[in-house]
Protein chains: 2
Amino acid sequence: MPPQPSQLILLIFNSDFSNSCLFSILQQNKGPGVACDFELHVNSLVGCRQSVQFQSSEFNMPSEKSEKAMSPKITGELLRQLRQAMKNCKYFSEPIQAYIIPSGDAHQSEYIAPCDCRREFISGFDGSAGTAIVTEQHAAMWTDGRYFLQANQQMDNNWTLMKMGLKETPSQEDWLISVLPENSKVGVDPWIIAADQWKNMFKALSSAGHSLVAVQDNLIDAVWPDRPERPSTQLRSLGLDFTGISWQDKITTLRAKMSERKITWFVATALDEIAWLFNLRGADIEYNPVFFAYTIVGMSTIRFFVDLKRLSDPAMREHLQLDSPSKPELSIQTFPYESVYTELQAICAALGPKDKVWICDKASCALTQVIPKTHRSPIPYTPLCLGKAVKNATEIQGMKMAHIKDAVALCELFAWLEKEIPNGNVTEISAADKAEELRSQQKDFVGLSFPTISSVGPHGAIIHYRPLPETNRTLTVNEVYLIDSGAQYVDGTTDVTRTVHFGTPSAFEKECFTYVLRGHIAVSAAIFPNGTKGHLLDSFARAALWESGLDYLHGTGHGVGCFLNVHEGPCGISYKTFADEPLEAGMIVSDEPGYYEDGSFGIRLENVVLVVPAKPKYNYRNRGSLTFEPLTLVPIQMKMMNTELLTQKERDWVNEYHRKCREVVGAELERQGRQEALEWLIRETQLII
Amino acid sequence: MPPQPSQLILLIFNSDFSNSCLFSILQQNKGPGVACDFELHVNSLVGCRQSVQFQSSEFNMPSEKSEKAMSPKITGELLRQLRQAMKNCKYFSEPIQAYIIPSGDAHQSEYIAPCDCRREFISGFDGSAGTAIVTEQHAAMWTDGRYFLQANQQMDNNWTLMKMGLKETPSQEDWLISVLPENSKVGVDPWIIAADQWKNMFKALSSAGHSLVAVQDNLIDAVWPDRPERPSTQLRSLGLDFTGISWQDKITTLRAKMSERKITWFVATALDEIAWLFNLRGADIEYNPVFFAYTIVGMSTIRFFVDLKRLSDPAMREHLQLDSPSKPELSIQTFPYESVYTELQAICAALGPKDKVWICDKASCALTQVIPKTHRSPIPYTPLCLGKAVKNATEIQGMKMAHIKDAVALCELFAWLEKEIPNGNVTEISAADKAEELRSQQKDFVGLSFPTISSVGPHGAIIHYRPLPETNRTLTVNEVYLIDSGAQYVDGTTDVTRTVHFGTPSAFEKECFTYVLRGHIAVSAAIFPNGTKGHLLDSFARAALWESGLDYLHGTGHGVGCFLNVHEGPCGISYKTFADEPLEAGMIVSDEPGYYEDGSFGIRLENVVLVVPAKPKYNYRNRGSLTFEPLTLVPIQMKMMNTELLTQKERDWVNEYHRKCREVVGAELERQGRQEALEWLIRETQLII
């Protein structure tokens, strides 16, 4: 799946929406500190095109939601209740004049659970990005170009859409200052606003004579009678055969890092970090095997905040050594999920003058502010995030196994598609379903790692396209088919994209595919010094496209978790100059350049690759070198290649890659007795010359 | 010259210093926000080597200074006087307990004039980077690894050397806090500290109960009786035939940008920006054709602050239309250089509530703080900086002419070297002198654009090596020779590096040279989308080296001025992810990868290149493409190439480059009747196959 899920997609619709042919006319990654880029692109595009409309193709939008997307939610009564709550002194000492409702949960997760969809509840707008602000008189929604049309359709007249990225659209701060009476109070739930966002808003409002107030009780929850429960799915413990390192050893390593930096406490808030630390998995958020929890680690204590019911299972208690800890400092004290705040308060009240507390600067304002500023030591990436990114030998072995199983399923899928497509009854949705069915037959399959992007012809140019009943297209021998999919297995997470043609691709399609392939190889085969940051490799993926005046507007790769989130930090390969951490052996990232011809086709070629040591001729300053080893082992369709455009080195790379696919995946296909897929694999891994 | 002059160079000396063989064991660019990098490198090196000593090879250190470098300056009496001044209420209401003496001038120039070498005066230490702090009891000097040895040699026992980059070395803030009595006042000259540096120091001291005080009168000047005068060299006005745009039109363009961003005033403090704006040049700072001045531009007024004596010449008055302005809003009001402060105060006193003042965030604290915070609009790059970076047709033509003349001089130099070296009487210094002599014969020669780096054998591995009498080495047929040099001509600035061998290079030298050449070509021939930032091209220069486990630890390119500073912003090509501006047609940068084999040889290959539109096959999203056109036209020594390591495309590039050198420079050599150099050129531009 392409890196950075927050994508700006501007789409043009034909007049007949039900047969809409969607053109992605602009796709732009959003990352920290790139608001400016974003704005420029939108402005220049909006300025030069007429009749531009907008629609979302966000992948975390379940289809049921989309089906209701066309009729706005009636919000008059809800807003009346919310405004009532804003005046209600049960929640604060004085009434507030405005209330901010951000997207997101208390863990700043990329995907969120239904109970955290508060902005959607109050407004009807269910896009993945958006911030609502309700004042006594107004209700306004800020969202980006992906969602202008959708938000307009889903929200009723009570709401004003604030089109982010357009010059005339005020910022939330400026708008608040323009509409609020003097000395107003603006409330926000401090749990769902990150510490740095709070800081900016606080400054802007203060300088205009207003104040920003942390409202501990969420006011949306107060007017949301049938709000879903916070999920509390069954926890799964992972043994050493899957994790390679016990949670006890992870704690010890963490404490060593704390002590090295003279840190006395560490507060973990990111769900995947907590899951990784304790070698536990959950299913609280779709596609992400995580569970709601917090952890506070001191030099001799471990506090674990989670729905305590989840810990009643004897095996779970045994895993966490709740009843008989091996050492006192490895004894886990368990607390209800909700008590993290008071417990952190108690810890902070007892801090010595030199005590320092680590917390990620992306953590919630609520928890961050519990820690007195002089004791707070904010970090961009926690030691857990860094530890999790560098996979150990067991995790690498698991990831390899998961990718072999995944390749088996995909070989079967492609063999099946080849056979079925001429019958005219395979659609984007049924192909995606078939892929899931085939994956689910593999050992230790848990679920998908993200919604399958199954796209035919022009849909392929919509980078995060997800087929919906109203857009579903039939696969034919006349159009390019792009499938970007992945799964969670207990031993690893996969994410692979292949672009194929079941008939005869055009010369232009082949040309573009070959440039993308050259870019993919340039990254995958690159040798680079230890300590190189991923963003320095991004241009390698583009050089062949650039040479012909082509490009793609998304990053080239993202970190991939091991039976964890398919997108994870702190490494990646992107032209955005974000603060990525240097690549090191054991890290796993995706390599996925693409090319998107609006209205015609999309090409993307994605392997998950492992960072491994390289041994070139020299070793400058003893730094050592690195390169990548593909974990994904699915043939790259030769029919799509114009081999004349490949250098001998590139042809060698393709042949060697296919040799490995045939050897490794072939053996597994044989073991599983999947003869048809094996024949397909052998045919698709012939030598190219 | 390599980008980013602030280089960290750690050198190992043999016991016999006069015949010292210098090994650059670490070179590291320093740029905004890279302190961390820097620290890591030093730590790891210092940790793993014994007997490491340090010496500077900084290029703005005149040799006379270096000759005195070995005996420390006696500073006891000076420090007594300074401490007296720190208590002297003539300068402030209450005594200060510490005084900070940064490097630099009031314009944050890269090179400074003798009158601004205050830190050198008080301490004796004359390296290009260093900050002194004097308290009642202590005198301490912070400098980086390039200068540890030199600073120790140049400073007497009154001074403590603070080795930046070593773990145990406290920051200036931490050290101050540790040594100061409670509630201390720390003084600094607000003119020579940049606004952001002030802010950091201010915060740190405040949080420890101290205060940072701006001392308007410089206390070093107060104890420096024979301080040199501020230079006030004759100004030179440039006509439209050199500048392409009148200063009046530049003012109009600036005002249009101000009005677009609703800015009412603009304060220019960078010397090259002011020189560019008014089409004037000076010679106040060696190698940089600039002059001391400030400018404040309003929507209808222009204030020019400069030594008024410089404006007495009638031609100068005519150039600036001082006596008969064409339009009232283009009338320049002249003020003494020193009155910028009071004049800016007066302007700020009369600001309307919505008035905004642009000032570069790198400007001095003194001027920045005159502007009330609510009216201040700090920018990383001023419109003058951006305007200056994009050369117009006349400037491009001038730069081309300057590079042809420069190539003539270098062809002559190399022909002469070939002839003379076997006689054994050419040294690094005499070769550099010969290069200067040959350049000075060319039309409109003004001077060098930086001190020539003329280095033989192991000296070549010292990136900013400058030959000194005590290190001077003879050129032979046995060692690689690297010469990095450039000149100021009235029509343009040059900067070129060639690495040559006058005998038979070793296979390894040729191999490394060829990788560097491949990197140079990869950047020079790259095609990339309009709007690409230079740092995205940096890895292209390294890929061939990386493939063999090699690298170089400096950036790949810097912006080059047009008869202005040889280093200029805001564009460049570097792996540092600094906020460079996107490349656009008309910008001029250097392309200079290298390889440095410590103790043996250095290789660098530098052309100045012009950003030009490219016309590849396709034009994705109508963005347009760019590439580079070499302005430098000096043959690249074929003897140093292992052509077997070059692809056909790369060989074609070399042949085409040499064809152009022969055609363009050959014609000029012929015109100038320089037959021997012409023969050399023809021989050195044969086809390679």
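Refer to the structure above for everything that follows.
Predicted model only: the values in this text are computed from it and were never measured.

Visitor: Let's hear about the packing of aromatic side chains: which residues, and what values?
Guide: A full pass over the atoms with the stated rule returns 48 aromatic pairs over all chains. Taking the centre distance of 6.1 Å and the plane angle of 25° together, the rings of Trp198 of chain A and Phe202 of chain A count as stacked. Taken together, the residues Trp198 of chain A and Phe202 of chain A, both in helix H7 (residues 195–207) and four residues apart, mark about one turn of the helix. Under the relative-accessibility criterion, Trp198 of chain A is labelled buried at 7%. Aromatic side chains Phe528 of chain B and Phe628 of chain B sit 5.3 Å apart centroid to centroid with 45° between the ring planes, which places their arrangement in the tilted category. Placement of Phe528 of chain B in strand E23 (residues 528–529) and of Phe628 of chain B in strand E30 (residues 625–630) is noted, with a sequence separation of 100 residues between them. For Phe628 of chain B, a relative accessible area of 6% translates into the label buried.

Visitor: Help me get a handle on the sheet that holds strand E4 (residues 131–135) of chain A, residues and values and all.
Guide: All names here are of chain A. A sheet is described by the order of its strands in space; here six strands give the open sequence E6-E5-E4-E3-E7-E8, paired in mixed fashion. The open sheet terminates on both sides in strands that have one partner only, identified here as strand E6 (160–163) and strand E8 (211–214). Sheet twist, expressed as the mean angle between neighbouring strand axes with direction ignored, is 25°. Bridging between strand E3 (residues 98–101) and strand E7 (residues 185–188) involves three bridges; their strand directions are parallel.

Visitor: How would you summarise the pattern of salt bridges if you had to cite specific residues and measurements?
Guide: Enumeration according to the criterion identifies 74 salt bridges over all chains in this entry. With a shortest N-O distance of 2.8 Å, Glu511 of chain A and Lys617 of chain B are connected by a salt bridge. Of the two residues, Glu511 of chain A sits in helix H18 (residues 507–524) while Lys617 of chain B sits in the loop between strand E29 (607–614) and E30, which places them in two different chains. According to the relative accessible area criterion, Glu511 of chain A is buried, its value standing at 7%. A relative accessible area of 59% means that Lys617 of chain B is categorised as exposed.

Visitor: Tell me about the pairing of E6 of chain A, residues and numbers included.
Guide: Residues and elements named next belong to chain A. Where strand E5 (residues 139–143) meets E6, four bridges bridge the pair, whose relative direction is parallel. In the sheet register, Ala140 faces E6, and the bridge partner there is Thr160. In terms of handedness, the path from E5 via helix H5 (residues 148–154) over to E6 forms a crossover that is right-handed.

Visitor: Go over the relation of the copies chain B and chain A with me, naming the residues and quoting the values.
Guide: Mapping chain B onto chain A calls for a rotation angle of 180° and an axial translation of 0.0 Å; the resulting RMSD is 0.1 Å. Within this description, the copies of the chain are treated as partners about a two-fold rotation axis. Comparing contact sets, 100% of the residues at the interface of chain B also lie at the interface in chain A, consistent with an isologous, same-surface contact.

Visitor: Run through the interface of chain B and chain A, naming residues and quoting values.
Guide: Across the boundary between the two partners, chain B contributes 38 residues, which contact 38 residues of chain A. Approximately 3100 Å² of surface area, both sides summed, lies buried where chain B meets chain A, with 57% of it carried by carbon and sulfur atoms. Remark: the boundary between chain B and chain A carries eight salt bridges. Residue Arg621 of chain B is joined to Asp598 of chain A by a salt bridge in which the shortest nitrogen-to-oxygen separation is 3.0 Å. Connecting chain B to chain A are 16 residue pairs in polar contact (both at pLDDT 80 or more).

Procedures and definitions
Residues numbered from 1 in each chain as written. Chains lettered and ligands numbered in written order. Predicted model: local features only at pLDDT ≥ 70, side-chain atom pairs only at ≥ 80, totals over all residues. Heavy atoms only, no water. Phe/Tyr/Trp six-rings, centres within 6.5 Å; stacked < 30°, edge-to-face > 60°. Helix = DSSP H or I, 4+ residues; strand = E, 2+ residues; numbered from the N terminus. Buried < 20%, exposed > 50% of the residue type's maximum accessible area, 1.4 Å probe, protein only. Pairing = 2+ DSSP bridges. Axes fitted to C-alpha atoms, helices over the stretch in contact; angles between N-to-C directions. Salt bridge = Lys/Arg side-chain N within 4 Å of Asp/Glu carboxyl O. Right-handed = clockwise from strand over helix to strand, strands pointing away. Least-squares fit on C-alpha atoms with pLDDT ≥ 70 in both. Contact = heavy atoms within 4.5 Å. Buried area = accessible area lost by both parts, 1.4 Å probe. Polar contact = N/O pair within 3.5 Å; in protein donor to acceptor, adjacent residues only side chain to side chain.

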